[in-house]
Amino acid sequence: MRISFLLCFLAGIFLLYKSGAFRFFMDRERLQGFLNSLGPLSFVGFIFLQALQVVAAPVPGEVTGIIGGFLYGPFLGLLLSTLGLTLGSWLAFFLAKTFGRPFVDKFVSKETLDKYDYLLHHKGAFLVFLLFLIPGFPKDILCYILGLGHLSTREFLAISTVGRFSGTVLLTFGGSFLRHHQYYRFSILLGFAIIVVFLVMVYKERLERGFRIWHISSRKKAREKNRQKRS
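Residues numbered from 1 in each chain as written. Predicted model: local features only at pLDDT ≥ 70, side-chain atom pairs only at ≥ 80, totals over all residues. Heavy atoms only, no water.

A word on helix α4 (residues 42-55). For α4, built from 14 residues, the straight-helix expectation of 20 Å at 1.5 Å per residue is met to within 8% by its first-to-last C-alpha distance of 20 Å. Here α4 lies mainly inside the structure; 11 of its 14 residues are buried. (Helix = DSSP H or I, 4+ residues; strand = E, 2+ residues; numbered from the N terminus. Expected span 1.5 Å × (residues − 1). Buried < 20%, exposed > 50% of the residue type's maximum accessible area, 1.4 Å probe, protein only.)

This next bit is on the environment of G77. Within the secondary structure layout, G77 lies in helix α5 (residues 61-104). In the structure, G77 is positioned 34 residues away from F43 in sequence and 9.2 Å away in space, judged by C-alpha atoms. Leave out the neighbours within four places in its chain, and G77 touches F46, G68, Y72 and T172. (Contact = heavy atoms within 4.5 Å.)

In this section: helix α8 (residues 139-146). The buried fraction of α8 is high, at seven of eight residues. Every buried residue belonging to α8 is among K139, D140, L142, C143, Y144, I145 and L146, and all of these are buried.

Ranked by internal contacts, the top residues of the largest apolar core, which has 29 residues, are L119, F132, Y144 and L146. Counting only elements with at least two residues in this core, the list comes to α4, α5, α7 (125-133), α8 and α9 (153-179). It is α5 that provides the largest number of residues to this core, a total of eight residues. Grouped together as the second largest cluster of nonpolar side chains are eight residues, L35, F46, I47 and Y72 included. (Core = buried A, V, L, I, M, F, W, Y, C linked by side-chain atoms within 4.5 Å.)

What follows concerns the packing of α4 against α8. Where α4 contacts α8, the axes come no closer than 8 Å and their chain directions differ by 70°. By the angle between their directions, the pair α4 and α8 is classed as roughly perpendicular. Facing α4, whose interface residues are Q53, V54 and V55, α8 presents D140, C143 and Y144. For the contact of α4 with α8, a count of residues per class yields four nonpolar, one polar and one charged. (Axes fitted to C-alpha atoms, helices over the stretch in contact; angles between N-to-C directions. Parallel < 35°, antiparallel > 145°, perpendicular 65-115°, else oblique. Nonpolar A, V, L, I, M, F, W, Y, C, P; charged D, E, K, R; others polar.)

Take the packing of aromatic side chains next. Counted under the stated rule, the structure contains 11 aromatic pairs. When the ring of F107 is compared with that of Y144, the centres are 5.1 Å apart and the planes differ by 10°; the resulting orientation is stacked. With F107 in the loop between α5 and α6 (110-115) and Y144 in helix α8, the pair connects residues that are 37 residues apart, well separated along the chain. We classify F107 as partly exposed; its relative accessible area is 25%. (Phe/Tyr/Trp six-rings, centres within 6.5 Å; stacked < 30°, edge-to-face > 60°.)

With that settled, the discussion passes to the side chain of R164. Residue position: R164 is located in helix α9. Filtering out sequence-adjacent residues up to four positions away, R164 remains in contact with V54, L85, S89, F132, K139, D140 and C143.

If you want it as structure tokens, here you go:
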């Protein structure tokens, strides 16, 4: 059963690439037109689109987040985006947990896996939460990597959903501002986002180094506690 599911999943991704469907996902206007054409089912279509961009990354999440706010407004758009991102994050995590490293290797490069390998051995959920919270970190890839680690499904869903929420709010409200031609507000929001992302990119290596040090120190403390208990 697992092998059949895996083969179907990989075949679906392959067909999307070969059919050129991913180029369609990159066109915001065509996406909006397609979702509008679905009528009442556009809610389902958008949730599926958000989930798909996490699992297969055919389109940047920034685009789908803005589309959600543009089409459905700030609050409904935020709800639908959150549902879709949660579904996609869970599916990526589930696939990694079910099929293991050989499956993840098809979606995540060895360099990236080695870079975040320490997360597989870290028991502090707060560190993982920070990675989801900080802009610029590969959150979709993290879903696959964390599926190889120690986190339970419940822990992962809580961390990923809450961690993604602030970014989802910004994108959704940005789309809503565009819908109502509030370009001044959109410009302020965009400027704020650019500053935050720029700062993260500048200090990204330091942040990652700090996280690794945090991981090492926490493991040392855990070993010392275990020794004290034994003694």
